[in-house]
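Here's the letter readout for the chains.
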Amino acid sequence: MLKFKQKDYIDWIVRPVMKIKERNNYGYRVVLLYADGTKHTRQYSGFTTKKAAEEARMNTMGELANGTYIVNDRVKCKDFLEYWLEYDIRQRAQSSNTYDSYSNIVRKHIIPFLGNKKLAEIHKGDIQRLYDDRAAFSKPIVRQVKTVINTALRYAVSPCRLISVNPAEGVLLPKTVEARPYHTRNIDTAKTLNVEQISLLLEASRETPIHMQVLFNVMMGLRRQEINAVKYSDVDYISRTLSVERQLGKKLNRTPYGRDEKPTTKSELPLKTSSSRRILPIPDYVFEEILREREKYEENRRRRGSQFLDADYICCSNYGKPRSKDFHWKHYKALLKELGLPDIRWHDLRSTYCTLLLKNDFNPKAVSRLMGHAKEIITMDVYGDNANIIPEEIPELLEYMDEVMPKKPDADNAETKVLDTVIDVEAFLGTKEKTGA
C-alpha cells in the first residue's frame with residue numbers, strides 16, 4: 001500500500017532547463033532536500049521548445065515558494081480514496097456502520113466515475129459531472145456523495161499534500177436536487193403518528209417483548225442502538241433522569257483492510273457524536289415501567305443463576321442478553337398491522353417524538369439537543385446561545401408527555417398496585433439486597 005502522507009522538505013533546488021537528446025525535447029529537474037539529509041529528484045520533460053520548459057520551470061519555482069508544490073502528482077483517485085478509507089476513516093469512525101456508509105459511497109458511486117483519473121488532474125468540471133450523474137441516479141445518494149468527496153479531498157490537501165486546493169469546494173448540486181437549509185433537518189410529518197395512535201401503540205406493546213424499546217423511542221427519542229445499550233445504572237432514580245452513555249453495534253477493526261474476527265452487533269461502542277451524550281428527563285410513565293422491568297430482571301437473575309448475564313441492560317432477554325439490532329422488527333411490524341397504524345419505519349417513531357414536541361411549541365434548539373444532534377436545528381435554523389435551554393423546559397416537557405401517556409387503569413386493579421405504592425429506591429439502586437417472595 002502506498003503511503004501518501006508526505007514528509008516536509010526544508011529546501012529545494014530547481015536545475016536549469018536542459019536539452020534531452022535521446023528524446024529530442026527539453027526538461028528540467030527538481031531536487032527536494034529533507035531534514036534527515038535525504039534527497040528526492042524529479043525530472044519534468046517532454047517540452048517541445050525551450051521557452052515552454054522555462055515557463056513550466058518558473059511555475060514550479062512559484063509553487064515551491066508558496067508551498068503549493070505537489071511532490072506526488074501521479075496518484076490515481078481510486079488509490080487515494082482506498083487509502084483515505086483505511087488510514088483515516090477507519091481510524092476515526094465510531095462504529096462499523098459509519099465506516100461501511102463511507103465505503104459504500106466511495107466504492108459504488110465515486111470510484112466508478114473518477115477512479116482512473118489522476119488526483120492532481122481532477123477539476124471542478126469533473127466534480128460537477130459526478131454530481132449530475134449521481135443526481136440522476138438518486139437525490140439522497142448525491143447528497144452523500146457531495147459530503148464524502150469534499151471530506152476526502154480536504155484530506156488530500158492536508159495532511160497528504162497530494163493536491164494544493166480542493167476542486168470540490170464551491171461546486172453545487174444540480175438544481176433538481178432541493179437544497180437543504182444550513183444545519184437544518186426537516187421531519188416528514190406524513191411518516192409520524194398522532195397522539196391517539198401513540199397511545200394505542202404504547203398500550204398494545206405491553207404484551208410484547210419490545211415495550212421498553214417502544215417507550216424509549218417514541219417517548220424519549222433515543223436511537224435504536226442507544227436504546228439497546230441503556231442500563232439500569234444510567235438511571236438517576238432520585239432526579240428521574242436518564243444518562244445516554246453508549247450504543248451497541250458492530251465493533252470496527254482498526255487495522256487497515258482488517259476484518260472483524262467475530263462479527264457482532266452487540267459490542268458496546270462510543271456514541272455517534274459528542275452531543276449524543278446527554279441527560280434526559282424520564283416521564284413518570286416511563287419511569288414506572290423501568291421499575292417494573294427491573295423487578296422482572298431481578299427475578300430472572302435469581303431464577304437463571306449462573307446462566308444469567310448480569311450486564312445491567314434494561315432491554316434484554318430473560319437470560320440478561322442484550323437485544324440484537326433487528327430484534328424489534330418483527331414485533332413492531334406486527335403491532336402496526338394489528339392496530340391498523342401507518343406502516344412507518346422504526347426510526348420514524350423517533351421523528352414522531354420530535355414532531356410532537358415541535359407541534360407543542362418546544363424550542364427547536366432544545367428539541368435538537370434532546371434528540372442528540374450535533375449541529376442541526378430541527379425544522380428551522382435558529383441562532384443564539386442554547387446553554388441551559390433543556391433544563392428550563394423540563395417541567396413543560398413532562399406535563400406534555402403526560403398527555404400522550406396511556407391512561408392508568410382503575411386503582412383497584414391488582415395489576416397496578418406497583419404504581420400506587422412507595423418505591424424502595426435503594427433497592428433499585430442496588431444498595432441493598434432485594435428479597436424474593
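Just so we're clear, the structure is a prediction, and the values are computed from it rather than from any experiment.

Trainee: I'd love a proper account of the confidence of the model for the protein, names of residues and values included.
Mentor: Of all residues in the protein, 79% have pLDDT values of 70 or greater, and the mean over the chain is 81. Predicted confidence is poor over residues 378-396, with pLDDT under 50, and the contacts of this stretch with residues over four places away or in other chains come to 40 contacts. Segment residues 410-437 is flagged for pLDDT under 50; beyond a separation of four residues in sequence, or across chains, it makes 29 contacts in the model.

Trainee: An account of the environment of Asn 194 is needed here, citing residue identities and associated values.
Mentor: The topology assignment puts Asn 194 in the loop between β5 (184-185) and α6 (195-205). Residue class for Asn 194 comes out partly exposed when judged on its relative accessible area of 35%. Residues Asn 194 and Leu 356, spaced 162 residues apart in sequence, show a C-alpha to C-alpha distance of 7.8 Å. Within the local environment of Asn 194, its side chain forms a polar contact with the backbone nitrogen of Glu 196, the two atoms lying 3.2 Å apart. Within the structure, Asn 194 has its side chain in polar contact with the backbone nitrogen of Gln 197 (distance 2.8 Å).

Trainee: With reference to specific residues and values, describe the pattern of salt bridges.
Mentor: For the structure shown, the criterion picks out 27 salt bridges. The salt bridge involving Lys 333 is made with Asp 343; its shortest N-O contact spans 2.8 Å. Here the residue Lys 333 occupies a position in helix α10 (residues 328-339), and Asp 343 occupies one in the loop between α10 and α11 (347-359), the gap between them amounting to 10 residues. Its relative accessible area of 22% is what places Lys 333 among the partly exposed residues. Overall, Asp 343 belongs to the exposed group, its relative accessible area being 61%. In this structure, Arg 345 engages Asp 348 in a salt bridge whose closest nitrogen and oxygen atoms are separated by 2.9 Å.

Trainee: Describe helix α5 (residues 139-157), and please don't skip the residues or the numbers.
Mentor: Here α5 spans 27 Å end to end across 19 residues, near enough to the 27 Å set by a 1.5 Å rise per residue. Turning to α5, its buried residues number three or more, namely Ile 141, Val 142, Val 145, Val 148, Ile 149, Asn 150, Thr 151, Ala 152, Leu 153, Tyr 155 and Ala 156. Buried positions along α5 lie against α2 (77-92), α3 (96-114) and α4 (124-137). You can read the cap of α5 off the contacts: a side-chain oxygen lies 3.3 Å from the backbone nitrogen of Ile 141, and it is on Ser 138.

Trainee: Account for the pairing of strand β3 (residues 25-34), with residues named and values stated.
Mentor: Most of β3 sits out of view: 8 of its 10 residues are buried. Of the strand pairs in this sheet, strand β2 (residues 18-20) and β3 are connected by 3 bridges, and their pairing is antiparallel. Directly across from Ile 20, in β3, lies its bridge partner Asn 25. Between β2 and the antiparallel strand that follows it, β3, lie 4 residues; Asn 24 among them carries a positive phi value of about 55 degrees. By the bridge criterion, 8 bridges tie β3 to strand β4 (residues 39-47) in an arrangement that is antiparallel. Looking across to β4, one finds that Tyr 26 is bridged to Phe 47. Between β3 and β4, which pair antiparallel in sequence order, lie 4 residues; one of them, Gly 37, sits at a positive phi of approximately 90 degrees.

Trainee: Describe the side chain of Arg 134, listing the residues and the values that go with them.
Mentor: With respect to the helices and strands, the residue Arg 134 is situated in helix α4. Residue Arg 134 is classed as buried on the basis of its relative accessible area of 15%. Apart from the residues lying within four places of it in its own chain, the contact partners of Arg 134 are His 109, Val 142 and Val 145.

Trainee: Describe in detail the sheet that holds strand β10 (residues 278-281), supporting the description with residues and values.
Mentor: Read from one edge to the other, the open sheet built from 3 strands follows the order β6-β7-β10, with strand pairing classed as antiparallel. What marks the edges here is a single partner per strand, and that holds for β6 (235-236) and β10.

Trainee: Provide a residue-level description of the nonpolar core, including the pertinent values.
Mentor: By size, the foremost hydrophobic cluster in this structure holds 52 residues, and its most contacted members are Phe 216, Met 220, Leu 222 and Ile 290. Of all elements in the fold, only α6, α7 (211-218), β7 (241-244), α9 (284-304), α10, α11 and α12 (364-371) reach the threshold of two or more residues within this core. Judged by nonpolar contacts, the second largest core, of 37 residues, contains Val 75, Leu 81, Ile 141 and Leu 252.

Trainee: Give me the packing of aromatic side chains: which residues, what numbers.
Mentor: Enumeration over the complete set of coordinates arrives at 9 aromatic pairs. Taking the centre distance of 4.7 Å and the plane angle of 20 degrees together, the rings of Tyr 83 and Tyr 87 count as stacked. Taken together, the positions of Tyr 83 and Tyr 87, both in helix α2 and 4 residues apart, correspond to about one turn of that helix. Residue class for Tyr 83 comes out buried when judged on its relative accessible area of 6%. Relative accessible area serves as the criterion here: at 35%, Tyr 87 is assigned to the partly exposed category. Connected via pairs of aromatic rings, a cluster forms that spans Tyr 28, Tyr 44 and Phe 47. In this structure, Arg 90 is placed above the aromatic ring of Tyr 99, and the distance from its NZ or CZ to the ring centre is 4.3 Å.

Trainee: Give a detailed account of the environment of Tyr 131, specifying residues and quantitative values.
Mentor: Inspection of the secondary structure puts Tyr 131 in helix α4. You can call Tyr 131 buried: its relative accessible area is 0%. Along the chain, Tyr 131 and Arg 143 lie 12 residues apart, while their C-alpha atoms are 8.6 Å from each other. Other than its neighbours up to four places away in sequence, Tyr 131 contacts Val 142, Val 145, Lys 146, Ile 149, Asn 150, Ala 168, Val 171, Leu 172, Leu 173 and Pro 174.

Conventions we followed
Here the residue numbering is sequential within each chain, running from 1 through the sequence in written order. Side-chain atom pairs in this predicted model are given and counted only at pLDDT of 80 or more, local residue features only at pLDDT of at least 70, and totals for whole chains, interfaces and linings cover all residues. With hydrogens and water set aside, each side-chain value is computed from the structure's full complement of heavy atoms. Residue-level confidence of the predictor is summarised by pLDDT, bounded by 0 at the bottom and 100 at the top. Contact between two residues is taken to exist if any of their heavy atoms lie within 4.5 Å; hydrogens are not considered. The helix count covers DSSP runs of H or I at least four residues long, the strand count covers runs of E at least two residues long, and both are numbered beginning at the N terminus. The cut-offs for exposure are 20% and 50% of the maximum accessible area for each residue type, with area from a 1.4 Å probe on protein chains only; residues under the lower value are buried, those over the upper are exposed, and the others partly exposed. N or O atoms closer than or at 3.5 Å make up a polar contact, with two conditions inside protein: a donor-capable atom paired with an acceptor-capable one, and, for residues adjacent in sequence, both atoms drawn from side chains. In what follows, salt bridge is the name for a side-chain nitrogen of Lys or Arg lying within 4 Å of a carboxyl oxygen of Asp or Glu. For a helix, the expected span equals 1.5 Å multiplied by the residue count minus one. Here, a strand pair is defined by DSSP locating no fewer than two bridges between the strands. Working definition of a nonpolar core: buried Ala, Val, Leu, Ile, Met, Phe, Trp, Tyr and Cys residues. They are joined through side-chain atoms within 4.5 Å. Ring pairs are drawn from Phe, Tyr and Trp, using the six-membered ring of Trp, whenever the two centres fall within 6.5 Å, and their geometry is named by plane angle: stacked under 30 degrees, edge-to-face over 60, tilted for the rest. Two conditions define a charge sitting above a ring: the NZ of Lys or the CZ of Arg must be within 6 Å of the ring centre, and it must be within 35 degrees of the ring normal.

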